[in-house]
Amino acid sequence: MTTKTTDLARVSAKGSFHLLWGLVASTLISSIGTIIIARLMGPDNYGLYNVALAAPNLISTFRDWGINTAMIKFSAQFNSENSVAK
């Protein structure tokens, strides 16, 4: 039983690690894009740019709600049980 639990933990940790790097890469790309667009628009239009980014920032704040954690847990569990169809 411990090998099954160990395998499940290993697969779950691997999935979590990949999710973390994906979120880090997404944040870096978004940050660089924000800086570039802000420089292109100039200081007079910063307020306009902030208004345009308000909705996407709110969406990104509430996008997770534990779904990523559940996906990692259950995909690791079903993968270790060899029932990939679930």
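Residues numbered from 1 in each chain as written. Predicted model: local features only at pLDDT ≥ 70, side-chain atom pairs only at ≥ 80, totals over all residues. Heavy atoms only, no water.

## Brief notes about the overall build of the protein
Along its length, the protein carries three helices and zero strands. In the protein, the succession of helices and strands from N to C terminus is α-α-α. Taken against the 2.2 N^0.38 rule, which gives 12 Å for 86 residues, the C-alpha radius of gyration of the protein at 19 Å runs more than 25% over that of a compact globule. For the protein, the C-alpha atoms occupy an extent of roughly 65 × 20 × 20 Å along the three principal directions. The burial tally for the protein puts 8% of its 86 residues in the buried class. For the protein, the distance from the average site of its 7 positive side-chain charges to the average site of its 4 negative ones is 7 Å. (Helix = DSSP H or I, 4+ residues; strand = E, 2+ residues; numbered from the N terminus. Rg over C-alpha atoms; globule rule 2.2 N^0.38 Å. Buried < 20%, exposed > 50% of the residue type's maximum accessible area, 1.4 Å probe, protein only. Lys, Arg positive; Asp, Glu negative; His and termini not counted. Charge placed at Lys NZ, Arg CZ, Asp CG, Glu CD.)

## Considerations on the packing of aromatic side chains
Using the criterion set out here, one finds one aromatic pair in the structure. Look at Phe17 and Trp21: their rings are 5.8 Å apart centre to centre, the planes differ by 80°, and that puts the pair in the edge-to-face class. With a gap of four residues between them, Phe17 and Trp21 both fall in helix 1 (residues 2-41), about one helical turn apart. Judged by its relative accessible area of 47%, Trp21 is partly exposed. (Phe/Tyr/Trp six-rings, centres within 6.5 Å; stacked < 30°, edge-to-face > 60°.)

## Some thoughts on the environment of Thr3
With respect to the secondary-structure elements, Thr3 resides in helix 1. By relative accessible area, Thr3 is classed as exposed at 56%. Thr3 sits 79 residues away from Asn82 along the chain, and the two C-alpha atoms are 14 Å apart.

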